[in-house]
Amino acid sequence: MSTLSFALNVIARGDVLGADHTCTPDQVSAILEPTPAENRQGGFMWRDHGLVEFFWEGGDDGWRGTHFTVQLHRLASIGPEVAAGPIEARYGPLEPALPFEALRVAAAGLGIDLVRLPAATSGVRQYWQPRSTVLVIEDDTGEVYALTSPYRPPSGILSA
């Protein structure tokens, strides 16, 4: 299951093919290939690479990465071509859905814990991987909706 392998690597490493939130816009584009969409608003910029969006803050004197989000739900709504390019070259065509339970079992088999967090929105469940700081969002159908990194739960949210 190529979507599972892809998601496991993101969760284990906190990056997409080596691109993480510390990369510059040019570094991300070099890894994920030219960006199809760029948005700027005030001191913020984000680039949409199809399946993955990267976010920065700053401006003319430089951009500092804040986070990235893998929009796995787009595989079902847009199709596997949303991951065309380097992701598909590495993992093959991605399946349109990834059941959270399959991800949880595979992650546990690799010694990767996913800590359940209180959901910020009804109908979703959130899990956090503390070492890689990846947030996993499960939708109300039991599918993995998105992965975001880095994510730090608000203080006091995790019970001791």
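Criteria and thresholds
Residues numbered from 1 in each chain as written. Predicted model: local features only at pLDDT ≥ 70, side-chain atom pairs only at ≥ 80, totals over all residues. Heavy atoms only, no water. Salt bridge = Lys/Arg side-chain N within 4 Å of Asp/Glu carboxyl O. Buried < 20%, exposed > 50% of the residue type's maximum accessible area, 1.4 Å probe, protein only. Helix = DSSP H or I, 4+ residues; strand = E, 2+ residues; numbered from the N terminus.

Colleague: Explanation requested: the pattern of salt bridges in the structure shown.
Modeller: Scanning the model with the defined rule gives 8 salt bridges in all. Of the charged contacts in the structure, one is a salt bridge between Arg-47 and Glu-38, with a shortest N-O distance of 2.7 Å. Taking the relative accessible area as the measure of exposure, Glu-38 reaches 35% and is therefore partly exposed. Notably, a salt bridge pairs Glu-53 with Arg-74, separated by 2.6 Å at the nearest N-O pair. Here Glu-53, found in strand β3 (residues 52-59), pairs with Arg-74, found in helix α3 (residues 74-77); they are 21 residues apart in sequence, far enough to count as distant. There is no split in this pair, since Glu-53 and Arg-74 are both buried. A single network of salt bridges, built from pairs that share partners, joins Glu-38, Arg-40 and Arg-47.

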